[in-house]
Amino acid sequence: MASIGNEHGTEPHPSETTPLLPHSSRDRDVESLHPSRRANDRLILRSAYRGGGGGDDDDDDETPYKDYATIDWLQDLVKDNTRHGIRDAHVRQANTTWVRVAKAWDSASGWVAAFVVGLLTACVAFVVDVSVETVADWKDGHCKPHFWLNRRACSSSDQDGTTWMPWSGSFPRAYLTYVAFALLFGIIAAAVTTTTKMPLPPVVDLNVADKDKSRGYETKAKVDDEPRGKVMYMAAGSGIPEIKTILCGFVIPHYLTFKVLAVKAIGATFAVATGMCLGKEGPFVHISTCVGHLVAKHIPKYAQNQRKMREMLSVACSAGLSVAFGAPIGGVLFSYEEISTYFPRRVLWRSFLCSLVAAATLKALDPTGTGKLVLFETKYGVDYDVVHYFVFIFLGICGGIFGGVFCSTNFLWSKTFRKQPWIKNSPLLEVCIVVLVTAVLQYPNPLIRQTGDIIMERLLVDCNDIKEDWICVQEAKTEGKGLYYAWLISGTFIKLTLTIITFGCKVPSGIIIPALDAGALFGRMVGQLVPDISPGIFAMVGSAAFLAGVSRMTVSLAVIMFELTGEVNFIPPFMAAILTAKWVADSISADGVYDLSQHIMSHPFLDSEQAVVKLRALKDGKESPDLDVLIPPERVMEQITIHAGPNHQVIISDLRAKLIGLSSGGLFDMGLVIVNERGVCTGYICESSIAPVLRFIGQQELDGNDLISFADGSFEQLVDRSPLTISTKAPLEYAVEMFGKLGLSHLVVVDEDTAQAVGLIGKKRLLRFLGRLE
């Protein structure tokens, strides 16, 4: 089994070395997506068991997930158990010191990897944090003796107040300089991001022309007419939707490489420095996952098992949020609640270590110069009364409304404006437009001029000292607050609007900080109406409510907010606002921002609980589908089925012909079902085993053999002799639960009376069907 990233020294993905693929497709990362259906050989979704349609006139199957390979969690578990058995057998047979050391390393390697991932993630985060602050400050001025220092570091060594030099003392010139630098940084961020533009490669049939001519239609020789996968910018966005897809058991090529890590870090630095409504917290999760993959691929038990690799990626995710907010516990819970599909106890423990190391290392490196781990530490020194819960709940309602509206409008914006050819073909133009609008609108408002984390820090100020911030001076006035209120109100609506149109641009960007900023602005505005209590408290609770409405996080968000601010007394208000926001947002838009992003970008993801709810809703409406709708048509089943004779023997030439048929028909990902003379399933060859099978039968042909047995020697290891099956009369919910809970990539459908194999359900086909229920 190959690793997620194919570098020198690791075994390539089996289906990438097959002679059925062109040479240019063989050296891609293991995340390469191999199967692709030809336009005239598509799987037909609307088919029925026994004689169901399946002809070319049936419903079209433009499966958006055709470029994604899948892993089988259950099979990888079996392989890992086999590895443990072999290892323990070696210990028993040769109980030498070296063997015992090798076993100890095998057991401890996961902990070592978690430690290294946390350490490296913190180092990358330190560089990005310092760089973001320095580059962002260049929009306003520069440090006279040391150009590379940011304003905070420059001012700390400033004795006479002349070290930091603004570009201009004139408002119009400073305004123009700010906008010009923002545009420059936006162009750099977008240009760097576009270097990771990559098509997801489909399988190309080398004999398509002959095959098509035999069917009576012409095939153009132009490259443009060859089947193509979709195009992705690997370093764009937050990366969380893609990581959720990977951890669900799908494969995205080249997504966790060192190049993507470097581009993500550089792009995030300049994107955040523009002042756009985006943050670096989501990209930190992608960066930490890249680090996790790069470390784990050098450990054999992770590199050779996709399921084990995804355990390490879940561990690495926790470090991303840990360094983003200085919230180690929140990082672990975020990985568990929001990202990971499979999270056993050993992953929890290693995530705890990884998150701890990342947070401790970042605190020691001290990128902010404060020496503190808490990012937005507050000490309000006042308590809230019961009556204030009404305000907290009100903030939750408003946060839920914004979250629901944001998800709906951002989805609509992506489906309309970003589908325009002049925007779709030129992402750099969209970034420039958004940067220009953002800089022009934000600079006049002193509350939203800086980057998102500084805005958040200022809005949470308690104003114990009137000179602590400009906000405190404004709120201390007994009269003449109209302009300050106007800045709060306009800042809130500008942030809300700009966040909607910014999220999804082709630059590294996250939604966490912009949502926190919008909520803090709104909360601070509401706090002006509540007497005898600090408005910063409502800014703090409002930020949690708005982020909950957007992301639908609950437990992890409450812990993150506590770790962000250090205010343990305000955990109940956080929980009240977060829960209210989630309920309200769910009533407006069923999916959170990350789920909608997966849908917009056509990333597959199986949520078995939601799928079962949809199917039960169909039953209530008396439109309940049965398992037949997932069974491929008979012509397709014939292509993916091979009949074995006595003693499980099959003619080698027939087996090779079947495998060639899978490639030319675009059915590689469905694998090959083995049935005996009675039609009973006796084995299954999955996609990842096809290339080893080809190599094996090639060797058998060289040895002069005409027959091969599926029960013989090493060949038996390439065949799943006991694939999981489901009866044709089983409820559709059973299939959904089996795919979701067991992590299957395929499920053989058998007749309840005769036990004959009558169909094969693939995970991507199931997702396509569930998508049509929406």
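Quantities reported herein were computed from a predicted structural model and do not represent experimental measurements. In this numbering scheme, every chain counts its residues from 1 along its sequence in written order. Thresholds applied to this predicted model are a pLDDT of at least 70 for local features of residues and 80 or more for the giving and counting of side-chain atom pairs; totals over whole chains, interfaces and linings are not thresholded and use all residues. To get the side-chain values, take all heavy atoms of the structure and skip hydrogens and water.

Brief notes about the environment of Val 434
- Looking at the secondary structure, you find Val 434 in helix 15 (residues 427–442).
- Each C-alpha atom of the pair Val 434 and Leu 183 lies 9.4 Å from the other, and the pair is 251 residues apart in sequence.
- Ignoring sequence-local partners within four residues, the contact set of Val 434 consists of Met 276, Ile 501, Thr 502 and Cys 505. The way it works is that DSSP assigns letters per residue, a run of H or I at least four long becomes a helix, a run of E at least two long becomes a strand, and they are numbered from the N terminus. When checking whether two residues touch, look at their non-hydrogen atoms; a contact exists if any pair is within 4.5 Å.

Regarding the UniProt feature "transmembrane region" (unreviewed entry) in the chain
- UniProt positions are given in the numbering used here, feature names are shortened, and annotations may be inferred rather than shown by experiment. Within this structure's numbering, the places UniProt gives as "transmembrane region" (unreviewed entry) are residues 108–128, 174–192, 313–336, 389–413 and 484–504.
- Helix makes up 100% of residues 108–128 and strand 0%, whereas the separation of the span's terminal C-alpha atoms amounts to 31 Å.
- Note that residues 174–192 is 100% helix and 0% strand, and that its end C-alpha atoms are spaced 27 Å apart.

Some words on the sheet that holds strand 7 (residues 641–643)
- When DSSP finds two or more bridges between two strands, those strands count as paired. Here we have three strands laid out as an open sheet, ordered 7-9-10, and mixed in their pairing. Two strands bound the open sheet, and with one partner strand each, they are strand 7 and strand 10 (681–685). Along the sheet, successive strands turn relative to each other by an average axial angle of 25°, direction set aside.
- Pairing of strand 7 with strand 9 (residues 672–675) involves three bridges; the strand directions are parallel. Of the residues in strand 9, the one forming a bridge with Ile 642 is Ile 674. Axis lines are fitted through C-alpha atoms, for helices just across the contact stretch, and the angle between N-to-C directions can take any value from 0 to 180 degrees.

Looking at the environment of Val 555
- Checked against the element boundaries, Val 555 lands in helix 21 (residues 555–565).
- Between the alpha carbons of Val 555 and Glu 337 there is a distance of 7.9 Å; along the sequence they are 218 residues apart.

A look at the pairing of strand 10
- Among the five residues of strand 10, five are classified as buried, and the element is accordingly described as predominantly covered.
- In terms of strand pairing, strand 9 meets strand 10 through four bridges, oriented antiparallel. Across the sheet, residue Ile 674 finds its bridge partner in strand 10, namely Gly 683. Categorising residues by exposure relies on relative accessible area from a 1.4 Å probe, with only protein chains included: less than 20% of the type maximum marks a residue as buried, more than 50% marks it as exposed, and the intermediate range marks it as partly exposed.

Comments concerning the pairing of strand 14 (residues 757–762)
- Burial within strand 14 is extensive, with five of its six residues counted as buried.
- Strand direction decides the pairing type here: strand 13 (residues 746–750) and strand 14, joined by five bridges, are antiparallel. Paired with His 746 across the bridge in strand 14 is Gly 762.
- Hairpin connection from strand 13 to strand 14: six residues lie between these consecutive antiparallel strands, with Ala 755 at a positive phi of about 65°.

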